[in-house]
Amino acid sequence: MDLKSNHTVPVLTDQSTLGVHNSLLPYSPRGAAFSSNLLLTIPRKKTGVLDDIRSSSWLDAMKSSSPPHKKINKDIHNEFASADVDLAYRTWLLKYPSALTSFEQITNFAKGKRIALFLDYDGTLSPIVDDPDRALMSNDMRLAVKNVAKYFPTAIISGRSRDKVYEFVGLTELYYAGSHGMDIVGPVRESTYVDHPNSIRSTDKQGKEVILFQPASEFLPMIEEVFTSLVESTKDIEGAKVENNKFCVSVHYRNVDEKSWTTVAQRVHDVMKRYKRLRLTHGRKVLEVRPVINWDKGKAVLFLLESLGLSNRNDVLPIYVGDDKTDEDAFKVLRERKCGYGFLVTSAPKESNAYFSLRDPSEVMEFLKSLVMWKKSSAV
Ligand SMILES: O=P(O)(O)OC[C@H]1O[C@H](O[C@H]2O[C@H](CO)[C@@H](O)[C@H](O)[C@H]2O)[C@H](O)[C@@H](O)[C@@H]1O
């Protein structure tokens, strides 16, 4: 597999320093070490908050943040346009091959290794829908995730609050990280975080000893406050919705008329001005307000690998499946450490640090089922 060098990804964190074995893939290894500086702050000017929300880049980011829903259109011009889109996607697939068509290559590489699976929720396990409270996972997908978790350690890493994503998924056999990884429950076994000031030892619903790690715990009152302010300041914008994700806040504009997007951006910007320790990132038709800490979904993957006892091992293959910009942090960690694969879920071509792609949640489900079949057949 050739290493792609031309990827530009909007990642805000510094180079990760947590340890994972990196000699798994056929390219040169890099030293891995543990860091005690988990909570480095990021200078404000690198946080992505723009001073002038009317600048085209701000609005461009808002517009391009999620592909439009596919419309069935019989118009001849649209048929040509749709052929162009398909061609663009097929060309893009040369760079980010489908994990389904590359399944044999992936499983060949996974032979003799333990796959660890990390799954994003929205847009990966559940299709994107207009109402965030209705983003339910299908029963078929739940079964596929349940089955895959019987054979491979599996975790969900979501931007939502941990409680909310657990409520949607409802499987006790998984590990969960909410708030973009800022709220994780993992096994205690090998974790060097056990004595970290942001860790609490606890027992889960099954009585298993677990570690609860919340690196942004000091931000909780600030997030509550900013949530209340954002609800207040956007309440007159039809379709705007503010969601409290515990250690971060989402301001949704999917259902806001495009003419009012500048207003949404301006209101969010005005509130953010008062909080120098918060930053803003763009998701799929959502503005996400989060603490300025050196922690993201990539760090969450490393945390879970470590607490599962799967760090620094050449017989482990982590796979991360996600659709959003925040998932790029995890793709980047796996790519930089040369220790696993990112799978980008998208129906529209985009630059990524992932290696493989899947078109939509139904292809994610197909991949999970194939993985189970492969595991069962290779166990005989
Ligand atoms: O990390 P994720 O699990 O992908 O969470 C990211 C955000 O997902 C949700 O919003 C997205 O999905 C909604 C439901 O399909 C959709 O309406 C919205 O436009 C998307 O941005 C969630 O509501 C957010 O809080 C998460 O941050």
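Residues numbered from 1 in each chain as written. Predicted model: local features only at pLDDT ≥ 70, side-chain atom pairs only at ≥ 80, totals over all residues. Heavy atoms only, no water.

As recorded in an unreviewed UniProt entry, the chain goes by Trehalose 6-phosphate phosphatase and comes from Erythroxylum novogranatense. Reading the Catalytic activity (unreviewed entry) entry of the UniProt record for the chain gives the comment "alpha,alpha-trehalose 6-phosphate + H2O = alpha,alpha-trehalose + phosphate". As its UniProt record puts it under Sequence similarities (unreviewed entry), the chain is described as follows: "Belongs to the trehalose phosphatase family." (UniProt positions renumbered as here; feature names shortened; annotations may be inferred.)

Take helix α8 (residues 297-307) next. The buried fraction of α8 amounts to eleven of the eleven residues, a majority that puts the element mostly inside the structure. Burial in α8 covers these residues: K297, G298, K299, A300, V301, L302, F303, L304, L305, E306 and S307. Among the residues of α8, the N-terminal cap falls to D296, whose side-chain oxygen and the backbone nitrogen of G298 are separated by 2.9 Å. G309 lies just past α8 and shows a positive phi near 75°. (Buried < 20%, exposed > 50% of the residue type's maximum accessible area, 1.4 Å probe, protein only. Helix = DSSP H or I, 4+ residues; strand = E, 2+ residues; numbered from the N terminus. Polar contact = N/O pair within 3.5 Å; in protein donor to acceptor, adjacent residues only side chain to side chain.)

What follows deals with helix α4 (residues 139-151). Taking 1.5 Å per residue as the helical rise, α4 with its 13 residues ought to reach 18 Å, and the 19 Å between its terminal C-alpha atoms agrees with that figure. Along α4, the residues that are buried comprise M141, A144, V145, V148 and A149. Seen along its axis, α4 keeps its buried residues to an arc of 130°; they face one direction. More than 90 degrees from the buried face of α4, the exposed residues found are N139, D140 and K150. In this structure, the buried residues of α4 make contact with β1 (114-119), β2 (154-157) and α10 (361-379). (Expected span 1.5 Å × (residues − 1). Arc of directions from axis to C-beta. Contact = heavy atoms within 4.5 Å.)

Residues in contact with the ligand amount to 21 residues; listed here are only the nearest, V129, E243, R254, R284 and E288. Between the ligand and the protein, one listed contact pairs an oxygen atom with a side-chain N or O atom of R160 at 3.5 Å. In this structure, E288 approaches the ligand through a side-chain N or O atom, which is 2.4 Å from an oxygen atom. Expressed as a share of its isolated accessible area of 570 Å², the protein-covered part of the ligand is 99%. For the shell around the ligand, the secondary-structure elements that each account for two or more residues are β8 (249-252) and β10 (286-291). (Near = heavy atom within 4 Å. Areas by Shrake-Rupley, 256 points an atom, 1.4 Å probe, with all protein chains shown as cover.)

In contact at an axis separation of 6 Å, α8 and helix α9 (residues 328-337) are set at 60° when each is read in the N-to-C sense. Classified by the angle their axes make, α8 and α9 are oblique. From α8, K297, G298, V301 and L302 reach across to α9, where they touch D329, A330, V333, L334 and R337. Here the contact of α8 with α9 is built from residues that sort into five nonpolar, one polar and three charged. (Axes fitted to C-alpha atoms, helices over the stretch in contact; angles between N-to-C directions. Parallel < 35°, antiparallel > 145°, perpendicular 65-115°, else oblique. Nonpolar A, V, L, I, M, F, W, Y, C, P; charged D, E, K, R; others polar.)

Read from one edge to the other, the open sheet built from nine strands follows the order β5-β6-β4-β3-β2-β1-β11-β12-β13, with strand pairing classed as mixed. Among the strands making up the open sheet, the edge pair consists of β5 (199-203) and β13 (356-358). Put simply, the sheet's adjacent strands are angled 25° from each other on average, direction ignored. Note: β2 against strand β3 (residues 175-178), three bridges, orientation parallel. Residue I156 lies in a different strand from β3, and its bridge partner there is Y176. Those strands touched by α8 are β1, β2, β3, β4 (183-187), β6 (209-213) and β11 (316-322), and its axis lies near 20° from that of β4. (Pairing = 2+ DSSP bridges.)

So, about the pattern of salt bridges. Under the defined criterion, the tally for this structure stands at 18 salt bridges. Residue R267 pairs with D236 through a salt bridge whose shortest N-O separation is 2.8 Å. One end of the pair, R267, is in helix α7 (residues 261-272); the other, D236, is in the loop between α6 (220-234) and β7 (241-244), with 31 residues separating them in the sequence. In this structure, E336 engages K332 in a salt bridge whose closest nitrogen and oxygen atoms are separated by 3.4 Å. Remark: K332 and E336 occur in helix α9; sequence separation between them is four residues, near one turn of the helix. (Salt bridge = Lys/Arg side-chain N within 4 Å of Asp/Glu carboxyl O.)

Between two aromatic rings, the relevant description is the distance of the centres plus the angle of the planes. Applying the stated criterion across every chain, the model contains 16 aromatic pairs. Taken together through their ring pairs, the aromatic side chains of F103, F109, Y341, F343, Y355, F356 and F367 make up a single cluster. Its guanidinium or amino end placed over the ring of F109, K113 lies 4.2 Å from that ring's centre, counting from NZ or CZ. For the cation-ring pair, R335 lies above Y355, with the distance from its terminal atom to the ring centre recorded as 4.0 Å. (Phe/Tyr/Trp six-rings, centres within 6.5 Å; stacked < 30°, edge-to-face > 60°. Lys NZ or Arg CZ within 6 Å of the ring centre and 35° of its normal.)

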